[in-house]
Amino acid sequence: MVARRRLGRRFGWLWAAYAVSTFGTRLAFDAFALIAILVLHAGPAEVSVLAAAGLAVGAVVAVPLGPWVEFRRKRPVMVAMDLTRFVALMSVPAAYALGLLGFVQLLVVSVVVGAADIAFNAAGGAYLKAIVRPEDLVVASGRFESTNWTATVLGPPLGTAAIGFFGPVLTVVTDAVSHLLSAAGIRAIGGHEPQPVRAGTKEVRLRFGGLFEGWRYILAHPALRPLFLNTVLVSGLIMATSPLLAVLMLGDLRFAPWQYGLAFGLPCVGGIIGSRLAPRLVSRFGRHRVMLTAGTLRACWSLGPAFVRPGVAGLVLVIVVEFGLITCMGVFNPVFAAYRLDRTATDRVARTLSAWSVTSKATVAVMTGLWGLLAGITGPRVAIAVAGLLMLLTPFLLPRHDHTPHHERDLARSPT
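Rules used throughout
- Residues numbered from 1 in each chain as written.
- Predicted model: local features only at pLDDT ≥ 70, side-chain atom pairs only at ≥ 80, totals over all residues.
- Heavy atoms only, no water.
- Helix = DSSP H or I, 4+ residues; strand = E, 2+ residues; numbered from the N terminus.
- Areas by Shrake-Rupley, 256 points an atom, 1.4 Å probe, with all protein chains shown as cover.
- Lys, Arg positive; Asp, Glu negative; His and termini not counted.
- Charge placed at Lys NZ, Arg CZ, Asp CG, Glu CD.
- Axes fitted to C-alpha atoms, helices over the stretch in contact; angles between N-to-C directions.
- Parallel < 35°, antiparallel > 145°, perpendicular 65-115°, else oblique.
- Left-handed = near helix turned anticlockwise from the far one by under 90°.
- Contact = heavy atoms within 4.5 Å.
- Nonpolar A, V, L, I, M, F, W, Y, C, P; charged D, E, K, R; others polar.
- Buried < 20%, exposed > 50% of the residue type's maximum accessible area, 1.4 Å probe, protein only.
- Polar contact = N/O pair within 3.5 Å; in protein donor to acceptor, adjacent residues only side chain to side chain.
- Salt bridge = Lys/Arg side-chain N within 4 Å of Asp/Glu carboxyl O.
- Core = buried A, V, L, I, M, F, W, Y, C linked by side-chain atoms within 4.5 Å.
- pLDDT = per-residue confidence, 0-100.
- Phe/Tyr/Trp six-rings, centres within 6.5 Å; stacked < 30°, edge-to-face > 60°.
- Lys NZ or Arg CZ within 6 Å of the ring centre and 35° of its normal.

Draft legend 1. Broad picture of the overall build of the protein chain. Across its full length, the protein chain holds 18 helices and zero strands. Its C-alpha atoms give the protein chain principal-axis dimensions of about 55 × 50 × 40 Å. For the protein chain, the accessible surface area stands at approximately 18700 Å², while carbon and sulfur atoms represent 70% of it. In the protein chain, which carries 38 positive and 19 negative side-chain charges, the distance between the mean positions of the two groups comes to 4 Å.

Following this line, the structure appears as structure tokens:
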């Protein structure tokens, strides 16, 4: 079977490291917001600043990390970023134990962790491309995607229970330790990784113009440019409406917290299903067709929550809409990730992924703020509807033509 391909020992360790850190992060879901509310007695404005500034400033801090990662061995970079996250996160329980924890520290830690996340993912994507054959990238990306959705299903409920018993600070310790274990797993990969070669001209570009090389490369690429615009806009619209839907369901419609949790926890099973189906669909229909179809279907669900009503019918509507959206994302994301890696030149992967991630996080922060203002004027239901209508336009940004050479298409569709 396509999804059962053996991808080698190095991929196995990389996947295990990703799984550990992802589960740790999902267990600590919203821990900083809860610490700000329960421990520091922060108000709504401070909690919003913590969420938005952590994304936006972390993205800005990460801008110079892309070219820095590009010309270094990727495994040491990943280990360094894991250790950075470990130290930053552990400073929170340490300060709490000493009675020194403050809002500014939470903000600084969220920025450091956000920047380290971007650098780690950029190095991880480049390393994945180096150790996995092009025809196996969809399978490898599908396994990462399946792990992510599994952690999303299990992590927040377990983390919420742990917070109820032990408090939010302990979940931060769990998250920190997961990054330490991830660093150990990446170290265990072993083997020799060659030092990336850079010529003297590249040194100059790295120092002066390399900060923007990732964006230049993306915007000049006929296949990556529309995908970049599509994925950044889609993620921004989805994340911008997430807090508005929480306000609508928990505030205006009086849904119980457990109902809200069920409405967004249960549909994550669709992400597992979609990511498991992705390699099989690519094998049968081809990568570009699957990506285009899943990307189009993904845009058809976000208008639904604008019509949610109180009671069981409203809860079922949200569950169905979220299940459809997340299933389509589960199919689209690994195919898109493999396509992006395959279409990106080897000596530009880190800078491209870093630029992509920086833009996505900054866009989410900006759009979350804008949609908050819109909801303040029109109400959350209208703001959600506006985002849903804009989502219907996003399929037009998907690449309409397959830029993959014919021999590579045959490899991507090969069942073995």
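Read on, since the account is not over.
Draft legend 2. Just the packing of helix α1 (residues 9-27) against helix α6 (residues 103-131), in detail. Contact pair α1 / α6: the axes reach a minimum separation of 10 Å and the direction vectors enclose 155°. Considered as vectors, α1 and α6 are oriented roughly antiparallel to each other. As α1 runs across α6, the sense of the crossing is left-handed. Side by side, α1 and α6 meet where R10, F11 and L14 of the first sit next to Y127, L128 and I131 of the second. Split into classes, the residues belonging to the contact of α1 with α6 amount to five nonpolar, no polar and one charged.

Draft legend 3. Spotlight on the packing of helix α10 (residues 213-220) against helix α16 (residues 349-378). Running from amino to carboxyl end, α10 crosses α16 at an angle of 90°, the nearest separation of the two axes being 8 Å. Our classification of the angle between α10 and α16 gives roughly perpendicular. Touching E213, G214, W215, Y217 and I218 of α10 are R351, T352, A355, W356, V358 and T359, all from α16. Grouping the amino acids of the contact of α10 with α16 by side-chain chemistry returns six nonpolar, three polar and two charged.

Draft legend 4. Summary view of the side chain of T352. With respect to the helices and strands, T352 occurs in helix α16. Residue class for T352 comes out buried when judged on its relative accessible area of 1%. Here R348 takes part through its backbone oxygen, which lies 2.7 Å from a polar atom of the side chain of T352. Residue contacts for T352: discarding those within four places in its chain leaves G214, Y217, I218 and T344.

Draft legend 5. Molecular detail of the environment of P76. Take P76: it is sitting in helix α5 (residues 74-97). Its relative accessible area of 48% is what places P76 among the partly exposed residues.

Draft legend 6. Representation of the pattern of salt bridges within the structure. For the structure shown, the criterion picks out nine salt bridges. Close ionic contact of R85 with D117 constitutes a salt bridge, the shortest N to O distance being 2.5 Å. Taken together, the positions of R85 in helix α5 and D117 in helix α6 put the pair 32 residues apart, joining distant regions of the chain. In this structure R85 comes out as buried when scored by relative accessible area, which is 5%. Here R348 makes a salt bridge to E213, at a shortest N to O gap of 3.2 Å. In this pair, R348 is assigned in the loop between α15 (312-343) and α16 and E213 in helix α10, connecting sequence segments 135 residues apart. Because the salt bridges share partners, they merge into one network encompassing E213, R216, D347 and R348.

Draft legend 7. Spatial organisation of the nonpolar core. In this structure, F11, L14, L128, L227 and W356 are the most contacted members of the largest nonpolar core, which totals 60 residues. Here this core gets eleven residues from one element, more than from any other, and that element is α6. Setting aside its immediate chain neighbours within four residues, F11 contacts L128, I131, V132, A140, R143 and F144. Within the second largest apolar cluster, 22 residues are counted, among which are V234, F255, A263 and W371.

Draft legend 8. Up close: the confidence of the model for the protein chain. Looking at the protein chain, the pLDDT average stands at 84 and 90% of residues meet or exceed 70. Per-residue pLDDT stays below 50 along residues 203-208; that stretch engages in ten contacts with residues further than four places along the chain or on separate chains. With pLDDT under 50 throughout, residues 406-416 is counted as low confidence; its partners more than four residues away or in other chains account for 17 contacts.

Draft legend 9. Region of the structure containing the packing of aromatic side chains. Taken as a whole and assessed by the stated rule, the structure comprises seven aromatic pairs. Between F212 and W215, the aromatic rings sit 6.3 Å apart at their centres with planes inclined by 40°, giving tilted as the arrangement. What makes W215 buried here is its relative accessible area of 19%. For R85, the ring lying beneath its charged end belongs to F120, and the centroid distance is 4.6 Å. One cation-aromatic arrangement involves R298 over F332; the distance from NZ or CZ to the ring centre is 4.0 Å.

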